[in-house]
Amino acid sequence: MKLIKCLFLVSVTISSISIFSAPFEAHSHNEKHYSDDEVMAAQVANGAPESRFLGFNIEEINGEPHLSATVAAPKALQYLYFDIEASPVGLLAYNETFPRTHSQTTLKATIPLFEALEKVQRSDFIEISLISMDSTPGYRLNSLRYNRQALLELLESGADTQDYSLVVQQPIDKKGNEYGILDGVIKYCMNHDSVRCDYSYLNHPNFDKDGPLQFALPFKGEFTLNAYINELKFREDLTSINKVLPTDFEVWLDNDLFGLGKDRSNAKAFLSNFFTLTHNKNAFTNQYQTKVQWNIPWQHATFQQGASYKRATHAIWSMNFAVQTNRYGSFQDAARQGVSRSEYLNANIIENINFSAFQGTANSLLKLSPMSVEY
């Protein structure tokens, strides 16, 4: 496993990356009750800047493996606090006050891997809370329930120096630099093609020189979770649910966020066709396993907004999965165990699994290549 060599003397880093963020709109089962102050924090003026959780990863700091958690801090934000709880104990926490003129950044907090592994092994659930303040002033509380099993398996992969089950076939760095050497950066070219371009919009199967100019990026890959996922949830499934981001593929270009599902009138009708869930049961542990696979060919992977045709030196691309798991397995398995339909439905839990690529992630355990979009 190749890990990034960092020279950090502290456990939090800040890097300037152009990003934007979107609100969290949903809540999962196992709801956490907030204090009056937290409820007030969530009641903010329209237009307050949003923070956004980008995902977990494993990287090397001063020769030792660490769990990292990265959060997006958009432009105009004055204050951000984020806390990650491995209930009943805290896992990570950090706060930052920003100057008035700061640009879009990411905040990264880290913790030694084996310390994180011990906390997550003893936890009941993982919850991420982000409190931000803009210049209005306005406060906003965003909370996200993260799948504990996915985080545990990531930590165990880092502890055993094994690859995590995530495999990404698209998008990838295919051509490298002008010398043909892979440099870990996906180069997307909007209006030209060259030996450096991994993807060129001019080569898009539906390219029309007289048509609208849009950003299009294929997505293909898979990961396996040691749990029974009976359904992926999309935007239309989560209208009355908090703390869960819908399943979607997203790209931050400059200061704007675009989503394959987000930009369509019916995200579920479009995205659900490109996913496959395959279930197995480990013969030795009797544990359920689910393989999540997706394949969105380039000709279908167009971000619908015309504003997506723009350059971004440090683009971020993300894969969000809203997974519904059930400890009983399928409903048929549950029925054979004497579990009623109501008991089965009450055992459904909806949580997130998130993967993002930005500067530095190419040399981490997940090996996700960041993207540069140029004209």
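Cut-offs applied
Residues numbered from 1 in each chain as written. Predicted model: local features only at pLDDT ≥ 70, side-chain atom pairs only at ≥ 80, totals over all residues. Heavy atoms only, no water. Helix = DSSP H or I, 4+ residues; strand = E, 2+ residues; numbered from the N terminus. Buried < 20%, exposed > 50% of the residue type's maximum accessible area, 1.4 Å probe, protein only. Contact = heavy atoms within 4.5 Å. Areas by Shrake-Rupley, 256 points an atom, 1.4 Å probe, with all protein chains shown as cover. 1 Å grid on protein atoms, 1.4 Å probe; cavity = no way out; pocket = protein on both sides within 12 Å on 5 of 7 lines; lining within 4 Å. Points joined across faces, edges and corners; volume = space filled by probe spheres on them. Nonpolar A, V, L, I, M, F, W, Y, C, P; charged D, E, K, R; others polar. Expected span 1.5 Å × (residues − 1). Polar contact = N/O pair within 3.5 Å; in protein donor to acceptor, adjacent residues only side chain to side chain. Pairing = 2+ DSSP bridges. Axes fitted to C-alpha atoms, helices over the stretch in contact; angles between N-to-C directions. Core = buried A, V, L, I, M, F, W, Y, C linked by side-chain atoms within 4.5 Å.

Asker: I would appreciate a short explanation of the overall build of the protein in the present structure.
Answerer: In terms of helices and strands, the protein carries six helices and 21 strands. For the protein, buried positions account for 53% of its 375 residues. Long-range contacts, defined here as pairs at least 24 residues apart, represent 74% of the contacts in the protein between residues at least 6 apart. Accessible surface computed for the protein: about 16,600 Å², of which carbon and sulfur atoms make up 49%.

Asker: What exactly am I supposed to notice about the layout of surface pockets here?
Answerer: Empty space among the atoms becomes visible once a probe the size of a water molecule is rolled across them. Approximately 420 Å³ is the volume attributed to the largest pocket. Taken together, 18 residues make up the lining of the largest pocket; nearest its centre are Gln149, Ala227, Thr325, Arg327 and Ile349. Sorting the residues of the lining of the largest pocket by element identifies α3 (148-159) and β20 (349-357) as the ones contributing at least two each. Residues belonging to the lining of the largest pocket are distributed by class as follows: six nonpolar, seven polar and five charged.

Asker: Where do I start with α3 in this structure?
Answerer: Along an α-helix, residues three or four apart share an orientation, since each turn contains 3.6 residues. Helix length check: α3, at 12 residues, gives a terminal C-alpha distance of 16 Å against a target of 16 Å (1.5 Å per residue), a fit within 8%. Counted residue by residue, α3 has nine buried out of 12 residues, so it is predominantly covered. Residues of α3 that are buried: Gln149, Ala150, Leu151, Leu152, Glu153, Leu154, Leu155, Ser157 and Gly158. With a side-chain oxygen lying 3.2 Å from the backbone nitrogen of Gln149, the N-terminal cap of α3 falls on Asn147. Once α3 finishes, Thr161 follows within two positions and takes phi at roughly 50°, a positive value.

Asker: I tried to follow the sheet that holds strand β10 (residues 167-170) on my own but got confused; where do I start?
Answerer: Sheet strands pair via backbone hydrogen bonds, and the direction of the pair is either parallel or antiparallel. Strand order in the open sheet formed by four strands is β10-β13-β18-β17, and the pairing between neighbours is antiparallel. Across the chains shown, the open sheet's two edge strands, defined by having one partner strand only, are β10 and β17 (275-281). Strand-to-strand twist across the sheet, computed as the mean angle between neighbouring axes with direction ignored, equals 10°. Here seven bridges tie β17 to strand β18 (residues 288-296), and the two strands are oriented antiparallel to one another. Note that in β18 the partner of Lys281 across the bridge is Tyr288.

Asker: Just to check I follow, could you spell out unusual backbone geometry for this structure?
Answerer: A negative phi angle characterises most non-glycine residues, just as the trans form characterises most peptide bonds. In this model, Ser87 is joined to Pro88 through a cis peptide bond whose omega is 15°. As for its placement among the helices and strands, Pro88 is situated in the loop between β5 (77-86) and β6 (89-97). In this structure, Pro171 follows Gln170 across a cis peptide bond, with omega equal to -5°. With respect to the secondary-structure elements, Pro171 resides in the loop between β10 and β11 (186-189).

Asker: I keep staring at the nonpolar core and nothing clicks. Help me out?
Answerer: The nonpolar side chains of a soluble globular protein tend to be buried, and buried together. Grouped together as the largest cluster of nonpolar side chains are 81 residues, with contacts concentrated most on Tyr188 and Phe321. No other element matches the six residues that strand β19 (residues 312-325) contributes to this core. Among all residues touching Phe321, those that are not within four sequence positions of it are Phe223, Thr247, Phe249, Phe275, Val292, Trp294, Glu351, Asn352, Ile353 and Phe355. Ala72, Trp252, Leu257 and Ile316 belong to the second-largest nonpolar core, a separate cluster that totals six residues.

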